[in-house]
Every structure is written in C-alpha cells, then in structure tokens.
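# Results of the structural survey
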Amino acid sequence: MFVKKDLRKIPQILADASQRAASSPPSLSEEGDDDTPPTKKAKSNNKNNDIITEMRLGRRAPEFLPSCNASILLQPKFRPALDNLIQLSLYDCGLSSLAGIELHPTNDDDNGRNITMTLFPKLEQLDIGRNPKLTNDSLPDSFHTQFPSLLELWCDDCSFGPTIPNTLLQMHHVHVVRMTMNKLEGQLEQGIGIKYWNHIRVLAMDGNKLDSVGKGIGRLEYLEKLHLRQNKLRLLPEGVPSAANTSLTMLCLSSNLLTSLPKSIIDVADTLTELYVNGNQLQTLPEELAQKCTWLQKFNVAHNNIDKEELLPKDFVMRFGLPDVVSGQCTKDDACVV
C-alpha cells in the first residue's frame, strides 16, 4: 500500500502533533452529561484536531544532521507529541546515537513525591532499522525505561553486536524483535526464554554470525516464528524447539552449517506449518519427522547432502515421494523441495 510522505519538516510535524495533543477535547468519560448522544460527540470532532498516534520519520537523514541523534525529538516543547505516540519510525535516518532517550532525574510534585517522566509512555512499535552507525554503545543503559508499553522492536540493518544490548533485553513485554543483518556473534543470548523476552512471538535474527542458541528458546510458549537464516549455526541443542513451543508455526534455518536436526523437532508437529532448512550440510532427517509433522505446508530441504534415496527416511519417502533430479520437488507433494 502506497503511503504518502509528509513533506513537512520534523519540527513542523512535532509542533502540529503537540498542538493537537494540547487542544484535544476531554474524553467522553470526562465530559459532563448533556443532550448530545456519545456517538455524535465522537463524530463531531474535527479530523484536523485528531491526536497523532503514528509518526513516520524514516529516510530523513539530512534533518538529523549534524548531531545524528534523536535530540530534535526531545525538545521540551514537543513532549505532548511523544506522550500519545503508538508507532514511531526512525528508519534510515543516519542515526549514530540515541542518547537522551533515557531515565532522567526525577521531579518532585507538590507533595514532595518523586515523579519519573517517561518519554514514550504509550509507544507500541519502534523502528530504528537501517541505521548502520547504531552500535551497542549508541544506546543509554536506561533506554528501555522509556518504552514501558513497547510490543514491536525493529532493528534490522544496524550494527548491534557482538551481543544483544542489555537494555534491549530488558524490554520484557515485546512480542516482535527483528535484529536481522546486525553484528551478533557466537551464542544467541541464553537468557531469552528464561528471563528475557518471555512473551515474544516473532524473533528474527537472520544475517548475523551466530553459531549456537541457548535452550531458553525451547521455553517460549508464545513463539510463532523463529528466523535464524544466514548465520553460522552448526547444531541446535535438543529441546530447541520443544513441546513447550506450543505456538510455533514457522522455523527458518536456511543457509547455515547444520549437519543434523534435533529429534525434538517432532515435538512441535502439531503446530509447525513451515520448515526451511535448505542450504545446510544435513546428511539425514530425524526419523518420524515426515510422519508426525502432518500440518507441514512448506518444507524445503534443498541444497543439503540428502539427495540420495538411501539417505531419506522411509517415512519421508512414503509421505512426500522421491525428489525430482532437476527441480528437487517431491513427486507426492510439490510443496516439499529437496
């Protein structure tokens, strides 16, 4: 769907959003009783005064110069605009630092109580992707405290690594995390699924240099899609995935160095609909994989070392048939490619 770009400069966009927030009428629950039906009150609002909840500021690198940080957003006069944001995109803005998006000193109210101000109290989706100068050092330690409602974090094509920044791991309520094409190395954070990101549904770590994953992944009961393509994985530990992954529908392991798959993969047979293990070094497949994973709709095992009949399990051949020598498509199910 084509989205028309807002041609105004960022300060104009923020000023307009702040003005709308300051002049917005009270909610219906705050209004006094009168003779106007609630539905008509809602319809009578001027669309030009609607509170702005989505701000797409992507591909505006020149407007973030010379600081290359988010300071333009953090001016006190624009605070009302940030209070109401639900979606914010800073995609491809030439950012090198997000300093300032952090925990600030508390203020005392009239009763002497400390009040901590949160910059983005309602934000649910944040896209900081394609900012290759963003590294672990670009994020303040308390970055996560400014997004208490965040559900989706998009960090594709940045330079985070060799480990996931700790402040991002502290975003405990996220449902979607995308960190493809970053600089992650070694083992994927072991704490994921144990003390971090327990509610995650989509985890995308394609295009890094990960060589192993922790068993915590096997504990993620809400995980629906796991993307680990184009890494350096040599094996998955038994229990990844596991029967605890009761929501897993897609597992993408293409273009790694896997020589085998864990037997526990059949523990997600009741939910798995897509399995991609093409471009590895597999020599065989787990017994009963084809027999038990009855819901598989897409299954790609092409470009491995299992193209010979004797290396395919009998249950695989019985269900999918032998692969065509040219196309690799199996004779009984062309959705399976070897």
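Structure first, text after, so check above.
Given the structure is predicted, the values throughout are model-derived calculations rather than measurements.

Attention shifts here to a positive patch on the surface. There is a patch of like positive charges on the surface, built from Lys5, Lys9, Arg59 and Arg130. As for its placement among the helices and strands, lysine 5 is situated in the segment before helix H1 (10-23).

Glancing now at H1. For an α-helix, the turn length of 3.6 residues means that residues three or four places apart are oriented alike. Taking 1.5 Å of rise per residue, 14 residues should cover 20 Å, and H1 covers 20 Å from first to last C-alpha, within 8% of that figure. Along H1, the residues classified as buried are Ile10, Ile13, Leu14, Asp16, Ala17, Ser18, Arg20 and Ala21. Turning to H1, the residues buried within the fold contact strand S1 (54-56) and helix H3 (79-83).

Inspection of the entire model under this criterion finds five aromatic pairs. Here phenylalanine 143 and phenylalanine 147 contribute two aromatic rings whose centre-to-centre distance is 5.0 Å and whose plane-to-plane angle is 50°, an arrangement assigned as tilted. You can call phenylalanine 143 buried: its relative accessible area is 1%. On the basis of relative accessibility, which here comes to 4%, the residue phenylalanine 147 falls in the buried class. Pairing phenylalanine 316 with phenylalanine 320 gives two aromatic rings, centres 5.0 Å apart and planes at 50°, and the pair type is tilted. Taken together, the residues span about one helical turn, with phenylalanine 316 and phenylalanine 320 both in helix H6 (residues 314-320) at a distance of four residues. Note on phenylalanine 316: relative accessible area 2%, which makes it buried. A network of ring pairs unites the aromatic residues Phe120, Phe143 and Phe147 as a single cluster.

Attention now moves to the sheet that holds strand S12 (residues 250-252). Across the sheet, which stays open at both edges, the eleven strands sit in the order S1-S2-S5-S6-S7-S9-S11-S12-S13-S14-S15 with parallel pairing between neighbours. Two strands in the sheet have a free side with no partner beyond their single neighbour: S1 and strand S15 (336-337).

The next subject is the nonpolar core. Grouped together as the largest cluster of nonpolar side chains are 86 residues, with contacts concentrated most on Ile164, Trp197, Leu203, Met205, Phe299 and Phe316. When residues of this core are assigned to their parent elements, the largest contribution, four residues, is made by H1. Excluding anything up to four places from it in sequence, isoleucine 164 contacts Asn136, Leu169, Met179, Leu184, Leu188, Glu189, Ile192, Trp197 and Met205.

The subject of this paragraph is the side chain of serine 159. Along the chain, the position of serine 159 falls in the loop between strand S6 (152-154) and helix H4 (166-169). Of the polar contacts made by the side chain of serine 159, one reaches the backbone oxygen of proline 132; its length is 2.5 Å. In contact with serine 159, not counting residues within four places along its chain, are Pro132, Leu134, Thr135, Asn182 and Lys183.

A word on the state of the cysteines. Taken as a whole and assessed by the stated rule, the structure comprises zero disulfides. Of all cysteine sulfurs in the structure, the one in cysteine 158 sits closest to cysteine 155, which takes part in no disulfide; the separation is 5.8 Å. Of the residues examined, cysteine 155 reaches a relative accessible area of 0% and is grouped as buried.

Here we come to unusual backbone geometry. In this structure, the amide linkage connecting leucine 65 to the following residue, proline 66, adopts the cis form with an omega of 0°. Checked against the element boundaries, proline 66 lands in the loop between S1 and H3. Residues glycine 161 and proline 162 are joined by a peptide bond in cis, for which omega reads 0°. Mapped onto the elements of the fold, proline 162 is located in the loop between S6 and H4. One non-glycine residue, aspartate 92, lies in positive phi territory at about 55°. Within the secondary structure, aspartate 92 is located in the loop between strand S2 (87-89) and strand S3 (107-108). The exposure class assigned to aspartate 92 is partly exposed, which follows from its relative accessible area of 25%. In this structure, methionine 181 takes a positive phi of about 55° despite not being glycine. In this structure, methionine 181 sits in the loop between strand S7 (176-178) and strand S8 (185-187). Here methionine 181 falls in the partly exposed class, since its relative accessible area comes to 43%.

Looking now at the environment of leucine 126. As for its position among the elements, leucine 126 is in strand S5 (residues 125-127). Spatially, the C-alpha atom of leucine 126 lies 7.6 Å from that of leucine 150, the residues being 24 residues apart in sequence. With residues up to four places along the chain from it excluded, the contact list for leucine 126 reads Leu88, Phe143, Phe147, Leu150, Glu152, Leu153 and Trp154.

Conventions and cut-offs
- Residues numbered from 1 in each chain as written.
- Predicted model: local features only at pLDDT ≥ 70, side-chain atom pairs only at ≥ 80, totals over all residues.
- Heavy atoms only, no water.
- Patch = residues over 30% accessible without salt bridge, like charges linked within 9 Å, V, L, I, M, F, W, Y side chains within 5 Å.
- Areas by Shrake-Rupley, 256 points an atom, 1.4 Å probe, with all protein chains shown as cover.
- Salt bridge = Lys/Arg side-chain N within 4 Å of Asp/Glu carboxyl O.
- Lys, Arg positive; Asp, Glu negative; His and termini not counted.
- Charge placed at Lys NZ, Arg CZ, Asp CG, Glu CD.
- Helix = DSSP H or I, 4+ residues; strand = E, 2+ residues; numbered from the N terminus.
- Expected span 1.5 Å × (residues − 1).
- Buried < 20%, exposed > 50% of the residue type's maximum accessible area, 1.4 Å probe, protein only.
- Contact = heavy atoms within 4.5 Å.
- Phe/Tyr/Trp six-rings, centres within 6.5 Å; stacked < 30°, edge-to-face > 60°.
- Pairing = 2+ DSSP bridges.
- Core = buried A, V, L, I, M, F, W, Y, C linked by side-chain atoms within 4.5 Å.
- Polar contact = N/O pair within 3.5 Å; in protein donor to acceptor, adjacent residues only side chain to side chain.
- Disulfide = S-S within 2.5 Å.

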